[in-house]
Amino acid sequence: MSAVSDRLPAFPWDKLTPFKATAAAHPDGIVDLSVGTPVDPVPELIQKALVDAADSPGYPTVWGTPELRDAITGWVERRLGAREVTHRHVLPIVGSKELVAWLPTQLGLGPGDRVAYPRLAYPTYEVGARLARAEYEVYDDPTELDPEGLKLLWLNSPSNPTGKVLSKADLTRIVAWAREHGILLFSDECYLELGWEAEPVSVLHPDVNGGSYDGIVSVHSLSKRSNLAGYRAAFLAGDPAVLSPLLEIRKHGGMMTSAPTQAAVVAALSDDDHVRVQRERYASRRALLREALLSHGFRIEHSEASLYLWATRGESCWDTVAHLAERGILVAPGDFYGTAGAEFVRVALTATDERIAAAVRRL
């Protein structure tokens, strides 16, 4: 076991423990804006679907029920503008993090193969490469990478942590470059429905991919849009030539979404109203936090989408973390997401209205 665990970096969130203790000691309690875990209720129609499917004594299938696949294909076409999406183009997964962490291994990558991801990025992209013993590197513009030996290219738009959105023109250019060099492209689009000052576009849109899904797969999650982080509900959509072998591997590995969760996802993807309600909650919190941070002397970069504000006071991120912890506010240090984040913090919008108001007062 140590041979595997030794490949991994130290778990970054453990470094926040003393700052969390400081923030928790505030007389009015902690305002935790660090991890970004949803706090609002799971919509009732989704809870009902879960309960109605609770009597599920048999094993679920890895590919999901036909109803689930119908719901995914329908949403991909309705929301992303994709065309001619069939069941072969989709695959349920057990939350998006497990997919990110184990994709290089499931693709058969190893020593000598290269995985690339944005310079500021979710740390699990690196973890996935390390688990497979593949090489990994970061980029500012992926088309400037050496394509030799590059087997997996990760995009992330809207970005975690920065909230940056890639334009349709940039996505089109990157997809064309990856195809030219035979590089598999996975696009992490988990925050796509949370655009504020930009309208995120999927790689599945025909204007981006020219009407073909060859060599591209998008990753989507219901954790943020539907408050289903506790359900572990996500899915892939894209090239059947990629998804078919992944399905077979995941069958052997027993990587299946529970039957009640599958029913809940059908309900979630079939309803747009609850997403609108949740967006309105986040938009209100974002406006309040943004103004408070700016008034407190922060500068905010990007942040045109997603669930975070990417903010800096022009100092070490850990000094900023300490400064805010003294005011009972816990945020994520930017260097969790790469050395380029050394002077930034990521401020999540995922706290109740009452806690957001508390943070605003303190700032």
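Details of the structure are given in the entry above.
What comes next concerns the included structure.

Helix and strand content of the protein chain: 13 helices and 13 strands. Computed over its C-alpha atoms, the radius of gyration of the protein chain comes to 20 Å, within 12% of the 21 Å expected for a compact globule of 363 residues. Seen through its principal axes, the protein chain has C-alpha atoms that stretch 55 × 50 × 45 Å. A buried classification covers 55% of the 363 residues belonging to the protein chain. Considering only contacts within the protein chain whose residues lie at least 6 apart along the sequence, 75% involve residues at least 24 apart. In the form shown here, the protein chain has an accessible surface area of approximately 15,100 Å², with 53% of it arising from carbon and sulfur atoms. Charged side chains of the protein chain number 37 positive and 47 negative; the gap between the two group centres comes to 2 Å.

A separate point is the sheet that holds strand 3 (residues 114–118). Sheet architecture is open: seven strands sit in the order 2-8-7-6-5-3-4, paired in mixed fashion. Looking at the sheet topology across the chains shown, the edges are occupied by strand 2 (90–93) and strand 4 (135–139). This sheet shows a mean twist of 20° between the axes of neighbouring strands, independent of strand direction. The pairing of strand 3 with strand 5 (residues 150–156) spans three bridges and is parallel. Bridge pairing links Val115 to Leu152 in strand 5. Along the sheet, helix 4 (residues 66–80) makes contact with strand 2, strand 7 (216–221) and strand 8 (234–238), crossing strand 2 at roughly 110°. Together, strand 2, strand 6 (184–188), strand 7 and strand 8 form the strand contacts of helix 9 (residues 240–253), whose direction differs from that of strand 2 by roughly 35°.

Taken together, the four strands give an open sheet; going across it, the order is 9-10-13-12, and neighbouring strands pair in antiparallel fashion. The strands lining the two open edges of the sheet, one partner per strand, are strand 9 (299–301) and strand 12 (332–333). Looking at chain direction, strand 12 and strand 13 (residues 344–348) are connected through two bridges and run antiparallel. Bridge pairing in strand 13 places Pro333 opposite Val345.

Right, let's get into the side chain of Ser306. Here Ser306 lies in the loop between strand 9 and strand 10 (308–312). Taking relative accessible area as the criterion, Ser306 reaches 0% and is therefore assigned buried. Once residues lying within four places of it in the same chain are set aside, the contact partners of Ser306 are Pro158, Ser159, Gly163, Tyr191, Leu194, Trp196 and Leu349.

This part covers the packing of helix 11 (residues 273–295) against helix 13 (residues 353–362). Viewed as axis vectors pointing N to C, helix 11 and helix 13 meet at an angle of 15°, and their least axial separation amounts to 9 Å. As the angle between them shows, helix 11 and helix 13 are arranged roughly parallel. The interaxial crossing formed by helix 11 with helix 13 has left-handed handedness. Here Arg285, Leu288, Leu289 and Ala292 of helix 11 lie close against helix 13, whose contacting residues are Asp353, Ile356, Ala359 and Val360.

For the rest of this paragraph, the subject is helix 5 (residues 96–106). Counting buried residues along helix 5, eight of its eleven residues qualify, which places the element largely inside the surrounding structure. For helix 5, the complete set of buried residues consists of Ser96, Glu98, Leu99, Val100, Ala101, Leu103, Pro104 and Gln106. Phi turns positive, to about 80°, at Gly108, one or two residues after helix 5.

This next bit is on the pairing of strand 3. Where burial is concerned, most of strand 3 is hidden: five out of the five residues are buried. Relative to strand 4, strand 3 runs parallel, the two sharing five bridges. In the sheet register, Val115 faces strand 4, and the bridge partner there is Tyr136. Regarding the hand of the β-α-β motif, the stretch spanning strand 3, helix 6 (residues 124–131) and strand 4 is right-handed.

It is worth spelling out the pattern of salt bridges at this point. For the structure shown, the criterion picks out 25 salt bridges. Taking the shortest distance from any N to any O, the salt bridge between Glu126 and Arg130 comes out at 2.6 Å. Here Arg130 and Glu126 lie together in helix 6, a separation of four residues that amounts to about one turn. With relative accessibility at 23%, the residue Arg130 sits in the partly exposed group. Across the pair Glu197 and Arg286 runs a salt bridge, and its minimum N-O distance is 3.1 Å. A residue pair is termed long-range when its members are at least 10 positions apart, and Glu197 in the loop between strand 6 and helix 8 (206–209) and Arg286 in helix 11 qualify at 89 residues. With relative accessibility at 8%, the residue Arg286 sits in the buried group. By sharing partners, the salt bridges in this structure join Asp28, Glu354, Arg355, Arg361 and Arg362 into a single network.

Rules and cut-offs
- Residues numbered from 1 in each chain as written.
- Predicted model: local features only at pLDDT ≥ 70, side-chain atom pairs only at ≥ 80, totals over all residues.
- Heavy atoms only, no water.
- Helix = DSSP H or I, 4+ residues; strand = E, 2+ residues; numbered from the N terminus.
- Rg over C-alpha atoms; globule rule 2.2 N^0.38 Å.
- Buried < 20%, exposed > 50% of the residue type's maximum accessible area, 1.4 Å probe, protein only.
- Contact = heavy atoms within 4.5 Å.
- Areas by Shrake-Rupley, 256 points an atom, 1.4 Å probe, with all protein chains shown as cover.
- Lys, Arg positive; Asp, Glu negative; His and termini not counted.
- Charge placed at Lys NZ, Arg CZ, Asp CG, Glu CD.
- Pairing = 2+ DSSP bridges.
- Axes fitted to C-alpha atoms, helices over the stretch in contact; angles between N-to-C directions.
- Parallel < 35°, antiparallel > 145°, perpendicular 65-115°, else oblique.
- Left-handed = near helix turned anticlockwise from the far one by under 90°.
- Right-handed = clockwise from strand over helix to strand, strands pointing away.
- Salt bridge = Lys/Arg side-chain N within 4 Å of Asp/Glu carboxyl O.

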